[in-house]
Amino acid sequence: MKSYDTIIIGAGMSGLAAGIRLAMFDKKVLILEKHTIAGGLNSFYARKGRKLDVGLHAMTNFAKKGERGKPLTKLLKQLRIPYSELALNEQHRSKVVFPNKELSFTNDLNIFTDEIISKFPHEKDGFMALLEDVRNFNEVSLENPYESAKERVSKFIDDECLREMIFCPLLIYGSAWEDDMDFSQFVIMFKSIFMEGFARPEGGVRRVITLLMKKYKELGGEIKFRSGVSEILTEDTKAKGVKLETGEVLLADKVLSSIGYPETVASIKEDLEVKPRVGKLSFTETILCYDKKPAELGIKDTIVFYNENDAYHYRKPKTLFDEKSAVVCLPNNFEIDDYSDGMIRLTFMANFDLWENLSEEEYKNEKNKVLEASKDIVRKLYPSIDMEPNFVDIFTPKTIKKFTSHHGGTVYGSIDKSRDGKTPVNGLYLIGTDQGFLGIVGAMLSGISMANLHCLMPAGAES
Ligand SMILES: Cc1cc2nc3c(=O)[nH]c(=O)nc-3n(C[C@H](O)[C@H](O)[C@H](O)COP(=O)(O)OP(=O)(O)OC[C@H]3O[C@@H](n4cnc5c(N)ncnc54)[C@H](O)[C@@H]3O)c2cc1C
């Protein structure tokens, strides 16, 4: 029976990053991935000659080359990947659009601050105090207690509309909670979006995954695709290894799981006391391609957080999807545009249970409704795009479930995170989404920090 120092379940961003760290320190490491390619929630595919990203709108946490102390800089240093290899292109400008107000932001925080001061002058002091609070907060401390971000932020900002506008991008880009988020997560997202900002690697997410895979293999790491784990083997609440769907058993001293907390617990036969809850948030994603590029029509936006209500309702909708708000991404509008057509991506909040129970015919019809609602928002935001798309692709919460095995098609996982990665099983640790660091950069940082903490630190030093 084959035996490893560490087995990693899942070849998403967190699994690959953890694998690189361990292989770098000569650990015998194996990544097991259910699918045929790496990337997980943020992978890629090709359709009708087009190379498409599954999820990528933008990488958050932009940092310029050599900028010290930034998550991206730390991440690249830990993985020993030169900055230039990511070939990052910065966004032009993004905005939050509410019924009677808009707030623009770029990768320069001063632009956002000026916008707030000009549109909400009565909140100048409050916003400055919030910035100070955010700057001084150690969001990555594993000891931080959970705290409602809405409550804490309302101590600084009275204006409800401004609060909702600040929360809108942060919630939809990274909260497993409905209508609120933990303050640590708020600070992570605030810094990564408003203070650091968006960039896109040239070639999209393929570039990131290719880099990670190359590095992992060069370091001697092993990876097996089409290798779904059906059971995490334990004895007296100590991890022993895994059993694959094929029945093969592989042993390991430690197991790192990126498949989610409820999914990890469900694959253990021993009765454990924890019952992590399945998160409620899932999405539809529409990709529309056009003959003209947005810039040709004078459109400069990169990402628009669009909301038709006065308040921002970030929750599982009671209908199949909620067309009253959306994220609208224009991936042509980064510094360098490597697409051949114009492209717009739209994300709606969606209800997994309702999608799952549709007949084939209904599913097709509902996808069409998503398409019409997407085109409707494009028309409202950009009347100059008065043409039909030449290519359309849509994925739903069912697609997310199919390709990631996340219970409930969740994107941000369970609301029960394990910040230190520990589970009730010794030697079994969570990485990625349900450790709590989300997004591409967050998931990679999670893999790195959990591998460092639980697999590379001398025994006893971790607690
Ligand atoms: C539509 C969409 C848009 C997004 N846009 C962005 C964006 O623009 N910017 C950004 O930063 N983030 C974005 N994200 C979020 C980002 O993709 C995720 O937060 C991140 O990729 C999560 O990585 P992970 O390693 O934690 O988990 P995952 O990517 O979920 O990886 C887990 C892996 O485990 C595998 N697996 C599951 N079960 C098993 C099993 N039993 N055995 C073996 N393997 C298994 C899965 O196939 C998967 O490959 C987006 C996500 C989606 C869905």
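Basis of the calculations
- Residues numbered from 1 in each chain as written.
- Predicted model: local features only at pLDDT ≥ 70, side-chain atom pairs only at ≥ 80, totals over all residues.
- Heavy atoms only, no water.
- Near = heavy atom within 4 Å.
- Polar contact = N/O pair within 3.5 Å; in protein donor to acceptor, adjacent residues only side chain to side chain.
- Areas by Shrake-Rupley, 256 points an atom, 1.4 Å probe, with all protein chains shown as cover.
- Helix = DSSP H or I, 4+ residues; strand = E, 2+ residues; numbered from the N terminus.
- Nonpolar A, V, L, I, M, F, W, Y, C, P; charged D, E, K, R; others polar.
- Domains from an automatic or database assignment.
- Contact = heavy atoms within 4.5 Å.
- Buried area = accessible area lost by both parts, 1.4 Å probe.
- Salt bridge = Lys/Arg side-chain N within 4 Å of Asp/Glu carboxyl O.
- 1 Å grid on protein atoms, 1.4 Å probe; cavity = no way out; pocket = protein on both sides within 12 Å on 5 of 7 lines; lining within 4 Å.
- Points joined across faces, edges and corners; volume = space filled by probe spheres on them.
- Pairing = 2+ DSSP bridges.
- Axes fitted to C-alpha atoms, helices over the stretch in contact; angles between N-to-C directions.
- Core = buried A, V, L, I, M, F, W, Y, C linked by side-chain atoms within 4.5 Å.
- Buried < 20%, exposed > 50% of the residue type's maximum accessible area, 1.4 Å probe, protein only.
- Parallel < 35°, antiparallel > 145°, perpendicular 65-115°, else oblique.
- Left-handed = near helix turned anticlockwise from the far one by under 90°.
- Phe/Tyr/Trp six-rings, centres within 6.5 Å; stacked < 30°, edge-to-face > 60°.
- Lys NZ or Arg CZ within 6 Å of the ring centre and 35° of its normal.

## A few points about the site of the ligand
Here's step 1: The full set close to the ligand counts 35 residues, and Ser-14, Glu-33, His-57, Ala-58 and Ile-440 are the nearest of them.
Here's step 2: Ser-14 has a polar side-chain atom sitting 2.7 Å from an oxygen atom of the ligand.
Here's step 3: Separating an oxygen atom of the ligand from a backbone N or O atom of His-57 is a distance of 2.7 Å.
Here's step 4: Protein chains bury 96% of the 1,000 Å² of accessible surface belonging to the ligand in isolation.
Here's step 5: Residue contributions to the shell around the ligand peak at three residues, all from helix α13 (residues 439–456).
Here's step 6: Grouping the amino acids of the shell around the ligand by side-chain chemistry returns 14 nonpolar, 18 polar and three charged.
Here's step 7: Counting only domains with at least three residues in the shell around the ligand, you end up with domain 1 (3–60 + 204–277 + 413–456) and domain 3 (280–404).

## A look at the domain arrangement of the protein chain
Here's step 1: Partitioning the protein chain into structural domains gives domain 1 (3–60 + 204–277 + 413–456), domain 2 (105–194) and domain 3 (280–404).
Here's step 2: Across the contact, 13 residues belong to domain 1 and 16 residues belong to domain 2.
Here's step 3: A buried area of about 1,100 Å², summed over both sides, lies between domain 1 and domain 2, and 58% of it is on carbon and sulfur atoms.
Here's step 4: Summed over the shared surface of domain 1 and domain 2, the result is one salt bridge.
Here's step 5: Here Arg-419 and Asp-182 are joined by a salt bridge, their closest N and O atoms 2.2 Å apart.
Here's step 6: Where domain 1 packs against domain 2, one counts three residue pairs in polar contact (both at pLDDT 80 or more).
Here's step 7: Looking at the side of domain 1 that touches domain 2 residue by residue, the classes come out as four nonpolar, six polar and three charged.

## Focus: empty space enclosed by the protein
Here's step 1: One pass over the full model with this rule turns up four cavities of 30 Å³ or more.
Here's step 2: Volume-wise, the largest cavity comes out at about 170 Å³.
Here's step 3: Considering the residues around the largest cavity, the lining is formed by 17 residues, among which Tyr-146, Asp-182, Gln-185, Lys-417 and Gly-436 are closest to the centre.
Here's step 4: Across the lining of the largest cavity, the residue classes tally to eight nonpolar, six polar and three charged.
Here's step 5: For the lining of the largest cavity, the two domains that each supply at least three residues are domain 1 (3–60 + 204–277 + 413–456) and domain 2 (105–194).

## What about the sheet that holds strand β17 (residues 391–395)?
Here's step 1: Strand order across the open sheet formed by seven strands is β7-β6-β14-β15-β16-β13-β17, with mixed pairing between neighbours. On the outer flanks of this sheet lie β7 (101–105) and β17, each paired with one strand and no other. Averaged over all pairs of adjacent strands, the angle between their axes in this sheet comes to 20°, without regard to strand direction.
Here's step 2: Bridge count between strand β13 (residues 282–290) and β17: five bridges; the pairing is antiparallel. From the neighbouring strand, Glu-285 faces β17, where its bridge partner is Phe-395.
Here's step 3: Across the sheet, helix α12 (residues 397–404) lies against β13, β16 (342–350) and β17, angled at about 105° from β13, the strand it touches most.

## Comments concerning the environment of Val-425
Here's step 1: The topology assignment puts Val-425 in the loop between α12 and β18 (428–430).
Here's step 2: Spatially, the C-alpha atom of Val-425 lies 39 Å from that of Ile-394, the residues being 31 residues apart in sequence.
Here's step 3: Here Val-425 is in contact with Thr-234, Thr-237, Lys-238, Ala-239, Ile-268 and Leu-272, once residues within four sequence places are set aside.

## What about the nonpolar core?
Here's step 1: Grouped together as the largest cluster of nonpolar side chains are 52 residues, with contacts concentrated most on Ile-166, Tyr-173, Phe-186, Phe-190 and Phe-305.
Here's step 2: The two domains that each donate at least three residues to this core are domain 2 (105–194) and domain 3 (280–404).
Here's step 3: The contact partners of Phe-186, leaving out residues within four places of it in the chain, are Leu-130, Val-134, Ala-149, Val-153, Ile-166, Phe-167, Leu-170 and Met-181.
Here's step 4: Counting residues in each nonpolar core, the second largest holds 45 residues, with Leu-22, Val-29, Ile-223 and Ile-448 among its members.

## Thoughts on the pattern of salt bridges
Pairing between side chains of opposite charge can happen when their charged atoms approach one another.
Here's step 1: Applying the stated criterion across every chain, the model contains 35 salt bridges.
Here's step 2: Arg-152 is paired through a salt bridge with Asp-133; the nearest N and O atoms lie 3.0 Å apart. Placement of the pair is Arg-152 in helix α5 (residues 149–154) and Asp-133 in helix α4 (residues 124–136), with a sequence separation of 19 residues. Pair check on accessibility: Arg-152 and Asp-133 agree, each one buried.
Here's step 3: A salt bridge links Lys-240 to Glu-235; the shortest N-O distance between them is 3.4 Å.
Here's step 4: Among the charged side chains, a network of salt bridges with common partners joins Glu-308, Lys-324, Asp-376, Arg-379 and Lys-380.

## With respect to the packing of helix α2 (residues 71–79) against α13
Here's step 1: Where α2 contacts α13, the axes come no closer than 10 Å and their chain directions differ by 50°. In terms of orientation, α2 lies oblique with respect to α13. The element α2 and its partner α13 pack so that their crossing is left-handed. Counting all contacts with α2, which are made through Pro-71, Leu-72, Leu-75, Gln-78 and Leu-79, the residues of α13 involved are Val-441, Met-444, Leu-445, Ile-448 and Asn-452.
Here's step 2: Residue classes in the contact of α2 with α13 are distributed as eight nonpolar, two polar and no charged.

## Some thoughts on the packing of aromatic side chains
Here's step 1: Applying the stated criterion across every chain yields a total of 19 aromatic pairs.
Here's step 2: With a centroid separation of 5.9 Å and an interplanar angle of 70°, the aromatic rings of Phe-105 and Phe-112 are classed as edge-to-face.
Here's step 3: Phe-105 gets classed as buried once you look at its relative accessible area, which sits at 0%.
Here's step 4: Ring geometry for Trp-355 versus Tyr-363: centroids 5.7 Å apart, planes at 85°, classification edge-to-face. Across this residue pair, the class does not change: Trp-355 and Tyr-363 are buried.
Here's step 5: An aromatic cluster of three or more residues is present, and its members are Phe-105, Phe-112, Phe-127, Phe-137, Phe-167, Tyr-173, Phe-183, Phe-186, Phe-190, Phe-194, Phe-198 and Phe-305.
Here's step 6: The cationic tip of Lys-101 hangs over the ring face of Phe-120; the distance from NZ or CZ to the ring centre is 4.9 Å.
Here's step 7: One residue, Lys-150, lies across the ring of Phe-167, its end atom 5.3 Å from the ring centre.

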